[in-house]
Amino acid sequence: MTSYPHMLAPLDLGFTTLKNRVLMGSMHTGLEETKDWNRVAEFYAARARGGVALMVTGGMAPNAEGGVFPGAAGLFSADDIANHRIVTDRVHDAGGKIAMQVLHAGRYAYSPDCVAPSAIKAPIAPFRPKELDVSGIEKQIGDIVTAVQRAQQAGYDGAEIMGSEGYFINQFLVTHTNHRTDEWGGTYANRMRLAVEVVKRARAAVGPNFILIYRISMIDLVPNGSTWDEVVQLAKAIEGAGATILNTGIGWHEARVPTIATSVPRRAFSWVTKKMMGEVTIPIITSNRINMPDVAESVLAEGCADMVSMARPFLADPDFVAKAATDRTAHIAPCIACNQACLDHTFSGKLSTCLVNPRASYETELVVKKSEVSKKIAVVGAGPAGLSAALTAAERGHEVTLFDQADEIGGQLNMAKKVPGKEEFWGLVSYYKTMVSASGITLALGQKADVQALADFDGIIIATGVTPRDPAIHGQTLPHVLSYIDVLRRNASVGERVAIIGAGGIGFDVAEFLVTGESPTENLDDWLAEWGVGDPSETRGGLRPEGPQPEPPTRAVTLLQRKAQKLGKGLGKTTGWIHRAALQMKDVKMIGGVNYERIDSSGLHISYGEDRSNPTVISADTIVLCAGQIPERSLADELLAAGRECHVIGGADVAAELDAKRAINQGTRLAARI
Ligand code: NAP
Ligand code: SF4
């Protein structure tokens, strides 16, 4: 008997059956733009082999003006169809099903040629769109329908029409972006005409036996968004127009509410989809922050939806479904919703991959093969770099011993997991524990490895991490000065008024830790109140009229840096704004451009600028040093001095800009080749 009877139950669509209730949601990986179709095919085939019922590709542009950026992938020619055929054939050979998403970006397109219902610039895009005339609207509908038809010709099992997240079709639905007075604007019947026409004409073009998914914006989270009655009216019309499945979209990209970041509670929006159940007869999919089988199972068992969509979890582990189905849930590499290697990459023009799985999108390049010779490998340091190196080396058949002077594995992950909003790190550490014990690695914890202890190994990998940088501030040895390690790891007592020196990732984390009582990520009602999310039946677009209502801060915190720029500039591209907004809601004072003059019993003395003007005291009971880190490579140096070779990875190699993404990637790649 499976633990996930609802998740693993087949879904009969009439003309075809999905083998379980799991959809891999659309992700723009950037792979299609590489034009390496073998690589694209292998990415999807790996996930098909891993048991997911249906996958949706990244958004394909229906025409040049609808592309997310100039040159965005689409299906424009016979050549494109032949290339996509490589993907669909490979997926079908692997026993999977795949639908192509058609995405018209409208005013979100990064192009001066972008088009929209009205000429209103999006706050997150640089270009004012051109207002379409009636023939222009007809052209867009025609192009979207043609793209759906081409998807069918390319062998896809279906198409998803992107109607949510604030893209083109969504832009017609609400007065926030549609100020038209003709038959495509004004009344709701007029505003939803485009969505309904697209589905109706697409169905007529592809016939009855082709999956048509419509992604509907269930809750817009923008001012003047749809009312719930309008969303239901649209859903019914979309069903009437011939859609096979309704998928959920949550929030426009310009919404100032986080919808998928790690601080969003798991399944935070399944209650919104549940409101739609019973309003239509076609299956409904829910999504957002569903990342493990038990979460998916509970969403389905509680009747919130007929299927679940997970996207990033399939970057983290292509075998998610197969592992859940064979009682190996603890072996699933968990998506921690960090966005660091997926969405942050997408928005920086890089290929998406995954922090916990550097093989994602690199399936054809980063291959982990059995080694011809089994070597004795020592890995020193059981943080992210050492763990990934040890696990990959063990997978290749090497005999691995993993040393750490701490009595637990995880390194700095054990600090991250203490930060409110970063609870997913608990799951990551626990995944590593499972995998280390399943892989036959010999664990040597609580032991400081030295040159002698490493004498008998064929290969040595040093992943000893970092030590805090000494900021050399007069008075820093006073008892009310702590390091971030004292705060996050040693539970040191911290006063009511705190000054934090250094505003990198760790300074922000420490601030969040010090101002937050109960983590709202662990309590959905608190989290919804904190970000001002309401029931869309009561409040248009799901935004509470009173706005965000955070809990008061538990301490008065001042966060400081020497650089004159905005604090948090170096944080994640798609998540930095969330960290900044969360601290602003807790009245954290953020001060840049300072010199640290000295610390004494009254607090932290600072001045400003090169001329050290405006001397000021930040009154504080506790001062926390978060001034960055330097490599801890004393063991590596000792080995080299003794004439031993070793590989140095992670923070021990380069501490600047160190994060788990680089550490895991470096550890995996090294172990794949030694
Ligand atoms: P960091 O990001 O390099 O930040 C170090 C901070 O210390 C900066 O604000 C820097 O600002 C300050 N600083 C540097 N030298 C100093 C000195 N001599 N005296 C006083 N202040 C000094 O390092 P981190 O905060 O330790 O984080 C380490 C890494 O962990 C980061 O690179 C990040 O990738 C990762 N991390 C990420 C997150 C995340 O949210 N994604 C969270 C935690 C950690 P000034 O030089 O302007 O003073
Ligand atoms: Fe999930 Fe982070 Fe991997 Fe993206 S990079 S898939 S958010 S774990």
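In what follows, the structure referred to is the one given above.
Think of each chain on its own: its residues are numbered from 1, step by step along the sequence as written. Whichever chain is written first becomes A and whichever ligand is written first becomes 1, with later ones labelled in order. Local features are withheld for residues below a pLDDT of 70 in this predicted model, meaning they are given only at 70 or higher, and side-chain atom pairs are given and counted only at 80 or more; totals for whole chains, interfaces and linings count all residues. Hydrogens and water are ignored here; the side-chain numbers use all heavy atoms of the structure.

A. Summary view of the overall build of the protein. Secondary structure counts use DSSP, requiring at least four H or I residues in a row for a helix and at least two E residues in a row for a strand, with both numbered from the N terminus. Counting secondary structure elements, the protein contains 22 helices and 27 strands. With C-alpha atoms as the basis for the radius of gyration, the globule rule is written as 2.2 Å multiplied by the number of residues raised to the power 0.38. Radius of gyration (C-alpha) of the protein: 26 Å, near the 26 Å computed for a compact globule of 674 residues. Taking the principal axes of its C-alpha atoms as reference, the protein extends roughly 75 × 65 × 45 Å. Each residue is placed in one exposure class: buried if its accessible area under a 1.4 Å probe, protein chains only, is under 20% of its type's maximum, exposed if it is over 50%, and partly exposed if it falls in between. Among the 674 residues that make up the protein, the fraction classed as buried is 60%. The long-range share in the protein, meaning contacts at least 24 apart out of those at least 6 apart in sequence, stands at 71%. Element-wise, carbon and sulfur atoms account for 50% of the exposed surface of the protein, whose accessible area totals about 25900 Å². In this analysis, two residues are considered to be in contact whenever any of their non-hydrogen atoms come within 4.5 Å of each other. Computed with the Shrake-Rupley method and a 1.4 Å probe, the accessible areas treat only the protein chains shown as cover for residues.

B. Representation of helix 7 (residues 193-206) in the model. Expected helix span is computed as 1.5 Å times (number of residues minus one). Taking 1.5 Å per residue as the helical rise, helix 7 with its 14 residues ought to reach 20 Å, and the 20 Å between its terminal C-alpha atoms agrees with that figure. Burial in helix 7 covers these residues: Leu-194, Ala-195, Val-196, Glu-197, Val-198, Val-199, Ala-202, Arg-203 and Val-206. Residues of helix 7 that are buried make contact with helix 4 (134-153), strand 8 (158-163), helix 5 (168-173), helix 6 (188-191), strand 9 (211-219) and helix 8 (228-241). Just beyond helix 7, the residue with positive phi is Gly-207, at close to 80°.

C. A look at the packing of aromatic side chains. Between the rings of Phe, Tyr and Trp (Trp by its six-membered ring), a pair exists once the centres lie within 6.5 Å; its type follows the angle of the planes, with under 30 degrees stacked, over 60 edge-to-face, and the other angles tilted. Enumeration according to the criterion identifies nine aromatic pairs in this entry. Ring centres of Tyr-110 and Phe-127 lie 5.5 Å apart, and the angle between their planes is 75°; this geometry places the pair in the edge-to-face category. One end of the pair, Tyr-110, is in the loop between strand 5 (98-102) and strand 6 (115-116); the other, Phe-127, is in the loop between strand 6 and strand 7 (130-131), with 17 residues separating them in the sequence. With relative accessibility at 24%, the residue Phe-127 sits in the partly exposed group. Ring geometry for Phe-269 versus Trp-527: centroids 6.0 Å apart, planes at 85°, classification edge-to-face. Here Phe-269 is found in the loop between strand 10 (245-250) and helix 9 (270-276), whereas its partner Trp-527 is found in helix 19 (residues 524-531), with 258 residues between them in sequence. Only lysine NZ and arginine CZ atoms are considered, and such an atom sits over a ring when it is within 6 Å of the ring centre and within 35 degrees of the ring normal. Taking the ring centre of Trp-228 as reference, the NZ or CZ of Lys-275 above it sits at 5.5 Å.

D. How the structure looks around the nonpolar core. Core analysis: the largest hydrophobic core is formed by 162 residues, its most contacted members being Tyr-214, Leu-234, Leu-246 and Phe-269. When residues in this core are grouped by element, the largest group, eight residues, is from helix 8. Once residues lying within four places of it in the same chain are set aside, the contact partners of Phe-269 are Ile-219, Leu-221, Ile-250, Pro-258, Thr-259, Val-264, Thr-286, Asn-288, Trp-527 and Val-533. Nine residue types can take part in a nonpolar core, namely buried Ala, Val, Leu, Ile, Met, Phe, Trp, Tyr and Cys, and a core is a set of them joined through side-chain atoms within 4.5 Å. Judged by nonpolar contacts, the second largest core, of 24 residues, contains Leu-488, Val-494, Leu-583 and Val-588.

E. Focus on the environment of Ile-285. Relative to the helices and strands, Ile-285 is located in strand 11 (residues 284-286). For the pair Ile-285 and Asn-339, spaced 54 residues apart in the sequence, the C-alpha separation amounts to 22 Å. If sequence neighbours within four positions are ignored, Ile-285 has contacts with Leu-23, Ile-245, Leu-246, Asn-247, Thr-248, Thr-273, Ala-305, Met-307, Val-308 and Ser-309.

F. Just helix 3 (residues 78-93), in detail. For helix 3, spanning 16 residues, the distance from its first C-alpha to its last is 22 Å, which sits close to the expected 22 Å at 1.5 Å a residue. For helix 3, the complete set of buried residues consists of Asp-80, Ile-81, His-84, Val-87, Thr-88 and Val-91. On its buried side, helix 3 packs onto helix 2 (37-49), strand 4 (54-60), strand 5 and helix 4.

G. Region of interest: the pairing of strand 16 (residues 459-462). The side-chain alternation of strand 16 yields two buried faces, one formed by Gly-459 and Ile-461 and the other by Ile-460 and Ile-462. Bridge count for strand 16 against strand 27 (residues 647-648) is two bridges, and the pairing is parallel. Paired with Ile-462 across the strands is Val-648, a residue of strand 27. Strands were regarded as paired on the criterion that DSSP finds at least two bridges between them.

H. Region of interest: the pairing of strand 25 (residues 622-625). Residue alternation in strand 25 divides its side chains into two sets, Thr-622 and Val-624 and Ile-623 and Leu-625, and both sets are buried. With three bridges joining them, strand 18 (residues 481-483) and strand 25 adopt parallel strand pairing. Counted as the bridge partner of Val-481 is Ile-623 from strand 25.

I. Up close: unusual backbone geometry. Here Arg-289, not a glycine, exhibits a phi torsion of approximately 60°, which is positive. With respect to the element layout, Arg-289 can be found in the loop between strand 11 and helix 10 (293-301). For Ala-472, which is not a glycine, the phi torsion comes out positive at approximately 50°. Along the chain, Ala-472 turns up in the loop between strand 17 (466-468) and strand 18. According to the relative accessible area criterion, Ala-472 is exposed, its value standing at 63%.

J. A look at the sheet that holds strand 4. With parallel pairing, the eight strands of this closed barrel are ordered in space as 3-4-5-8-9-10-11-12. Strand after strand, the sheet turns through a mean of 30° between neighbouring axes, direction not considered. Of the pairings in the sheet, the one linking strand 10 to strand 11 comprises two bridges and is parallel in character. Bridge assignment links Asn-247 to a residue of strand 11, and that residue is Ile-285. Only the stretch in contact is used when fitting a helix axis, every axis being a line fitted to C-alpha atoms; angles between N-to-C directions are given from 0 to 180 degrees.

K. Structural detail: the pattern of salt bridges. In what follows, salt bridge is the name for a side-chain nitrogen of Lys or Arg lying within 4 Å of a carboxyl oxygen of Asp or Glu. The tally for this structure, following the rule as stated, stands at 28 salt bridges. The shortest N-O distance in the salt bridge between Asp-621 and Arg-497 comes to 2.6 Å. Here the residue Asp-621 occupies a position in the loop between strand 24 (613-619) and strand 25, and Arg-497 occupies one in strand 19 (residues 497-501), the gap between them amounting to 124 residues.

L. A look at the environment of Gln-233. Its location among the elements puts Gln-233 in helix 8. C-alpha of Gln-233 to C-alpha of Arg-49: the two residues are 184 residues apart in sequence and 38 Å apart in space. Dropping the residues within four chain positions of it, Gln-233 is found in contact with Tyr-188 and Met-192.

M. Broad picture of the packing of helix 18 (residues 505-515) against helix 20 (residues 576-585). The N-to-C vectors of helix 18 and helix 20 enclose an angle of 35°; their axes lie 10 Å apart at closest approach. Every pair of crossing elements has a handedness; the one defined by helix 18 and helix 20 is left-handed. Within the contact between the two elements, helix 18 uses Phe-508, Ala-511, Glu-512 and Val-515 and helix 20 uses His-579, Arg-580, Ala-582 and Leu-583. Classifying every residue of the contact of helix 18 with helix 20 by side-chain character gives five nonpolar, one polar and two charged. A crossing counts as left-handed when the near helix is turned anticlockwise from the far one by less than a right angle, and as right-handed when that turn is clockwise. Under the convention adopted here, Pro, Cys and the residues Ala, Val, Leu, Ile, Met, Phe, Trp and Tyr are nonpolar, Asp, Glu, Lys and Arg are charged, and Gly plus all remaining residues are polar.

Everything listed here is a matter of geometry and, on its own, says nothing about what the molecule does.
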